[in-house]
Amino acid sequence: MTVCWNRPESTGGSDINNYIVEKRDRAGVRWTKCNKRRVTDLRFRVTGLTEDHEYEFRVSAENTAGAGQPSPPTHYLKACDPTFEPGCPTNAHVVDTTKDSIIVAWHRPIYDGGCEIQGYAVEITKADEEEWTICTPPSGVSATTFIINKLIELQEYKVRICAMNKLGVGEPTEVQGVLKPMDKIDPPEVILDSVLRKGIVVRAGGAMRINVPFKGRPTPEISWAKEDGELSSKVQIETGEDYTQLSVDICDKYDAGKYILNLENSAGAKSAFVSVKVLDTPGAPVNLTIKDIKRESVTLTWEPPLIDGGSRIKNYLVEKRDSTRIVYSNVDNKCTKTSYRVTGLTEGMIYYFRVLAENEFGVGQAVETEDGVRTSEPPLPVGKVTLADVTKTSISLSWEKPDHDGGSRIMGYYIEMQPVGSEEWVVAATTKACEGTVTGLSSGQEYLFRVSAFNEKGKSDPRSLAAPVTAKDVTIEPRFKLTFNTYSLPIGDNLKMEIPVIGRPVPKVEWKKDGQALKETTRLNVSSTPYSTKLFIKDANREDAGKYTVTATSDHVDLPGSVVAADKLEPPEIEMDADLRKMVNVRASATLRLFVTIRGNPEPEVRWSKANGTLNERTQIEITSSYTMLVIENVDRFDTGKYVLTLENLSGSKSAFVNVRVLDSPSAPTNLQVMDVKRNSVSLSWEPPLIDGGVKISHYIVEKREQKRMAFTSVSSNCVRNSYIISDLQEGGRYFFRVLAVNELGVGLPATTEQVKVSEAPLPPGKIALVDITRHTVTLSWEKPDHDGGSKITKYVVEMQSKGDDKWTMCSEVKALEATVKGLITGEEYSFRVIAVNDKGRSDAKPLANPVVVKDITMEPVINLLFNTYSIKAGNDLKIDVPFKGRPDPEVAWKKDGHTLKQTTRVNVVTSKTLSRIVIKDATKEDVGKYEIVLTNSLDPQFLPSPPAKPKIIDSTKTTVTLTWKKPLFDGGAPVTGYRVEYRTTLDDEWMVGVQNTKNTEFIVVGLTPGAEYVFVVKSINKIGASEPSPESDKQVAKEKEEEPIFDISNDMRKTLIVKDGSSFTMTVPFRGKPIPSVTWTKPDVDLRVRAVIDSTDTFSSITVEKATRNDSGKYTIALSSIAGTSSLTLNVRKYSTINSRFDQNTKELMNNHSLNAFRHNSDYHYCDVGKS
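Everything numeric in this text was worked out from a predicted model, so none of it was measured.

Peer 1: Explain the overall build of the protein chain to me, and be specific about the residues and the numbers.
Peer 2: Per the secondary structure count, the protein chain includes 4 helices and 97 strands. Relative to its length of 1173 residues, the protein chain is extended, with a C-alpha radius of gyration of 55 Å against a globular reference of 32 Å. C-alpha extents for the protein chain along the principal axes are approximately 185 × 100 × 70 Å. Counting over 1173 residues, the protein chain shows a buried share of 39%. Considering only residue pairs separated by 6 or more positions, the protein chain has 65% of its internal contacts joining residues 24 or more positions apart. Accessible area of the protein chain: about 66600 Å², with a carbon and sulfur share of 48%. Taking the average place of the 151 positive charges on the side chains of the protein chain and the average place of its 156 negative ones, the gap between the two points comes to 5 Å.

So, in structure tokens, the structure goes:
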């Protein structure tokens, strides 16, 4: 029940600060207090009544001095709900049609008549008839949807719905327009919930279910597919009338991917996809390739697995095994790149390699090299090439073996030739020995020759014959190559003497002894070849001693042409130490010396250079005819690289290189980028340094520096990845970041970012409200975003969209929280949305809840008065501003004491569209009176009001919660007549009505379940209907609210109370607290329970002392105590006995200047509060 009353005729000299409402059951005797909180309104809704019981009520006023006498009680009233027939259902509409049926739906009535809705009746009639036929059973249907069957296709019908309660049937609501039964053709529509749109994550071994509702008429054909692959045999597909489901009972990594749903019917086609991530170990890396093979190392490269197992690949495991073993052994289990150089291998051995990826769920499958890899490389070039023989059709060459076979046996040699004047080299012969003959040459043709060694890894660099050779027969004067000219041997030994013979054509050899032709016997004989002659004597004796002469003769051959004497030409040659052929390692700050032997005729030109760079200014180069040396003192990491030596003369050119590695701390990381910036974190990424200092990078150091500081501080001193998220940054702060690589030799150079502001795009604006509408404009307002992203909001962008248009257009940019959109077309419907912008970007758009039809609206005039009573000292000026609003602009009229206000030079009124101001100059007694302002316009409301702001919870008990809220920004053109309060538990989706219509902006929701958690919303109501719900309140558990006890007293009450000797006095102290605290009064050395009368209620406590004496002076302490805390207050009382003292004179003057708020008792007075009159 709601109890109302009028203010008391007298306030007792102090403002009324509370009303105490009490009730008494007809069957009871005690009066019970109804309000636990302070009531300042002139009405109060009493809850917690027992149905069908009769109650009487009374009200007491309370000021700072205490509670007054209660009012006379009301007559007995019975607690029962008033009941009526229900209101009409709302939002009646068509859900669907077929060729012989119509499905309609509606919402519950706003007002249920005070008792439960028992059902709904649905009636139908042909559009051209007036006779209605009920379709539902006589008792109605409880659901808010109904299917009307057995209709005629394309016949026009009208349908209406009525609500029923125990008192009868309410007014009907008719479905707008005429309805025709017909089969609809709708293209397929897929309904993906937010979970499916984000993607499904399932652990390996778990089950996966993708359930997708769909629409479409006729029912579409369903098909599922998987991107980049076929559906697994494990996939089960189930399809119903309005849903389809794909499921896998036991998932593994191969079930991850994008599943595509295709729907098609005669009206169109639709497809959607759901991404599935299976949390499992990763698949095998792909494209494992052998990039480089050396004598003792192999370089592997690969690509990440196609399936990462739903988790980022942390690192790779690299393993090897030689061909004589079955088991793989670990090489590195923390490789973070997709390449690796396996070192420490045995030269010439055959190896197999494999790589496995690892994520947070474990090590995945391996990818292996298909074939064994022999640790070898192409051989070094052959040694010096020599011309052994030449004819007019052939040439014979010989050469030395290479210094190293590359770790694999040399399989043979290629002899290549190139006719002078040609640019093409052709293989002329292949041989396994270190000599060979090229035949089929053209007589007189000049040729170049070169020789290459080859093994299973490839061909060496070629080694050229020093000079070109002409294919022709040559004549050479016969001669011998005698090693000795005297031979001695014991008698009986054998003598074998071989003498090389040179000559062209092949000379004829003759032997003589002591000037006579040598006679051959069975013991002595001579044998000859084109290149040597041999003398053999068996069982030598004294007769064999003597002088043996050998003679070589050949026919003379005249050769055409002439012979020119010239120096022999030699192309450049580089003889490099074996140490220089390997990687040259030198520590930082040491001296680098590269000594290389050279030759060539004429003396070649020598050039040193550095691949992919230039020689630094510290480089010193020494050149002689037989060697060259490059020297760099005090080397650092930037001296690492490939140094190229080039020789060039008239006979050709030659190049060789030396790889130098300076063992130093690394250079700066490259491509340092800020990948992502959040409110309090920054994500960095980088690539390894171009120069690793000759040693593997072990980790990175990440540092930060605030803009206002000079020094960097460490964020991470052991980052093993090429990315890092720096968190716990100050929102809006400006920072610099840098990264340094570390190897075993120390910390390298830093890579530093530009200045970074730690912020992100803001959150969307808060709730958007419609402030005003005219025929060409719409005014919107909105709340600030909950968070600006750490960077100041620079502007708001308002966008609009015409009905039927898919495109959003920017219509306004403002810095304030309000904007007016102009240039709109009257009668058009528009949607609006607002976007917040900062220096990091744009927020998501926040839309206005409903579209807006642009047209002039009317609004009843509303006056916003801050005060209704004004006091002014005579002679002063008075100015009163009265804000108002209304549509169209209201006419303003002022009255004084019921008569039209006459304006003079001293009294005048100024009025604008939103404010009227009355100015009275030099006020006199004649200006005292009642002034009225009257606003009038035409009223034609057309809109629902906007919702109130988010309700605030101010109190709670085990079964009640007290809410308060602010009025809506927009009343829809008609006054807000009340508010509807709804609530639900946080575990339920159904909203319950706490009150259908209350005019107050505060309400107590009763009948709640103790311990349950609730949220609340409020709707504004005008004559058009109820608004959208407000934002949900904060969650609140139904439980007693605990408030620490406190005293509600003024400063004057803390002053000393003066009491006349022999008089009586009462001190009343208001307080509050939850639960209601216990009250104790004490005074030193006095038992107040005996000396005084103490009276305590739920909101105040009073103590009365009769016939005060000197002993009643002193300090009185009141203490409050509850489970929420304790509080105490001390009041001072002083007694006086005469009125002639100076103090009493001051008291008299004080009483002359102030009104005294006091209680009368036995013809004496005491005062508790003094107020200016």
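Peer 1: Describe the pairing of strand β25 (residues 298-303), and please don't skip the residues or the numbers.
Peer 2: Counting buried residues along β25, 5 of its 6 residues qualify, which places the element largely inside the surrounding structure. One ladder, built from 5 bridges, connects strand β24 (residues 286-293) with β25; its direction is antiparallel. Note that in β25 the partner of T289 across the bridge is T301. Connecting β24 to the antiparallel partner β25 that follows it, the hairpin turn spans 4 residues. The sheet contact formed by β25 and strand β28 (residues 339-342) spans 4 bridges and is antiparallel. Residue pairing across strands places L300 opposite Y340, the latter belonging to β28.

Peer 1: Which residues make up the sheet that holds strand β80 (residues 952-956), and what are the values?
Peer 2: On the basis of which strands lie adjacent, the open sheet formed by 3 strands has the order β80-β81-β84 and antiparallel pairing. Every interior strand has two partners, whereas the edge strands, β80 and β84 (1002-1005), have only one. Between one strand axis and the next, the sheet turns by 25° as a mean value, whatever way the strands run. Judged from the 4 bridges that link them, strand β81 (residues 961-964) and β84 form a sheet pairing that is antiparallel.

Peer 1: Please give an account of the confidence of the model for the protein chain that cites residues and values.
Peer 2: Averaged over every residue, the pLDDT of the protein chain is 85; the share at 70 or more is 95%. Mean pLDDT in the protein chain bottoms out at strand β96 (residues 1155-1161), which sits at 31, and peaks at strand β12 (residues 145-148), which reaches 94. Predicted confidence for residues 556-567 stays below pLDDT 50, and this span has 5 contacts to residues more than four positions away or in other chains. Below pLDDT 50 for its whole length, residues 1138-1173 participates in 53 contacts with residues either more than four positions away or in separate chains.

Peer 1: Tell me about the UniProt feature "domain: Fibronectin type-III" (unreviewed entry) in the protein chain, and please be specific about residues and values.
Peer 2: This chain's UniProt record puts "domain: Fibronectin type-III" (unreviewed entry) on residues 1-82, 88-183, 284-378, 381-474, 668-761, 764-861 and 947-1040. Within the segment residues 88-183, helix and strand shares are 0% and 45% respectively, and the terminal C-alpha atoms sit 30 Å apart. The span residues 284-378 shows a helical share of 0% and a strand share of 55%, and its end C-alpha atoms are spaced 32 Å apart.

Peer 1: Explain the UniProt feature "domain: Ig-like" (unreviewed entry) in the protein chain to me, using residue names and the numbers behind them.
Peer 2: Those places that UniProt annotates as "domain: Ig-like" (unreviewed entry) correspond, in this numbering, to residues 478-560, 572-661, 861-931 and 1045-1130. Secondary structure content for residues 572-661 is 4% helix and 60% strand, while the C-alpha to C-alpha distance between its ends is 27 Å. As annotated, residues 1045-1130 has a helix share of 5% and a strand share of 55%, and its two end C-alpha atoms lie 15 Å apart.

Peer 1: For a positive patch on the surface, give the residues involved together with the corresponding values.
Peer 2: Taken together, R312, K314, K334 and R721 make up a surface patch of like positive charges. Mapped onto the fold, K314 is located in the loop between β25 and β26 (315-322).

Peer 1: Describe in detail the packing of aromatic side chains, supporting the description with residues and values.
Peer 2: If you walk through the whole model with that rule in mind, you get 18 aromatic pairs. With a centroid separation of 5.6 Å and an interplanar angle of 70°, the aromatic rings of W965 and Y979 are classed as edge-to-face. You can see W965 sitting in the loop between β81 and β82 (978-985) and its partner Y979 sitting in strand β82, a full 14 residues away along the chain. Y979 shares its class with W965; the two are buried. By the ring-pair criterion, three or more aromatic residues cluster together here, those being Y983, Y1014 and F1016. Lying over the aromatic face of F657, K642 brings its terminal NZ or CZ to 4.4 Å of the ring centre. Sitting over the ring of Y1116, K1083 keeps its end group 5.6 Å from the ring centre.

Peer 1: Could you give an account of the pattern of salt bridges, with specific residues and numbers?
Peer 2: This structure, assessed with the given rule, holds 43 salt bridges. Close ionic contact of R160 with E123 constitutes a salt bridge, the shortest N to O distance being 2.7 Å. Of the two residues, R160 is situated in strand β13 (residues 157-165) and E123 in strand β10 (residues 119-126); the sequence distance between them amounts to 37 residues. Given a relative accessible area of 22%, R160 falls into the partly exposed group. Note that R463 and E573 form a salt bridge whose closest N and O atoms lie 2.4 Å from each other. Taken together, the residues R463 in strand β39 (residues 463-464) and E573 in strand β48 (residues 570-575) connect sequence positions 110 residues apart. Among the charged side chains, a network of salt bridges with common partners joins R38, D1048 and R1072.

Peer 1: Quick rundown of the sheet that holds strand β33 (residues 395-399)? Include the residues and the values.
Peer 2: By way of backbone hydrogen bonds, the strands of a sheet pair with one another, either parallel or antiparallel. Here we have 3 strands laid out as an open sheet, ordered β32-β33-β36, and antiparallel in their pairing. One side of each edge strand has no neighbouring strand; the edge strands of this open sheet are β32 (385-390) and β36 (435-438). Each strand axis lies, on average, 25° off the axis of its neighbour in the sheet, ignoring direction.

Thresholds, definitions, all that
Residues numbered from 1 in each chain as written. Predicted model: local features only at pLDDT ≥ 70, side-chain atom pairs only at ≥ 80, totals over all residues. Heavy atoms only, no water. Helix = DSSP H or I, 4+ residues; strand = E, 2+ residues; numbered from the N terminus. Rg over C-alpha atoms; globule rule 2.2 N^0.38 Å. Buried < 20%, exposed > 50% of the residue type's maximum accessible area, 1.4 Å probe, protein only. Contact = heavy atoms within 4.5 Å. Areas by Shrake-Rupley, 256 points an atom, 1.4 Å probe, with all protein chains shown as cover. Lys, Arg positive; Asp, Glu negative; His and termini not counted. Charge placed at Lys NZ, Arg CZ, Asp CG, Glu CD. Pairing = 2+ DSSP bridges. Axes fitted to C-alpha atoms, helices over the stretch in contact; angles between N-to-C directions. pLDDT = per-residue confidence, 0-100. UniProt positions renumbered as here; feature names shortened; annotations may be inferred. Patch = residues over 30% accessible without salt bridge, like charges linked within 9 Å, V, L, I, M, F, W, Y side chains within 5 Å. Salt bridge = Lys/Arg side-chain N within 4 Å of Asp/Glu carboxyl O. Phe/Tyr/Trp six-rings, centres within 6.5 Å; stacked < 30°, edge-to-face > 60°. Lys NZ or Arg CZ within 6 Å of the ring centre and 35° of its normal.

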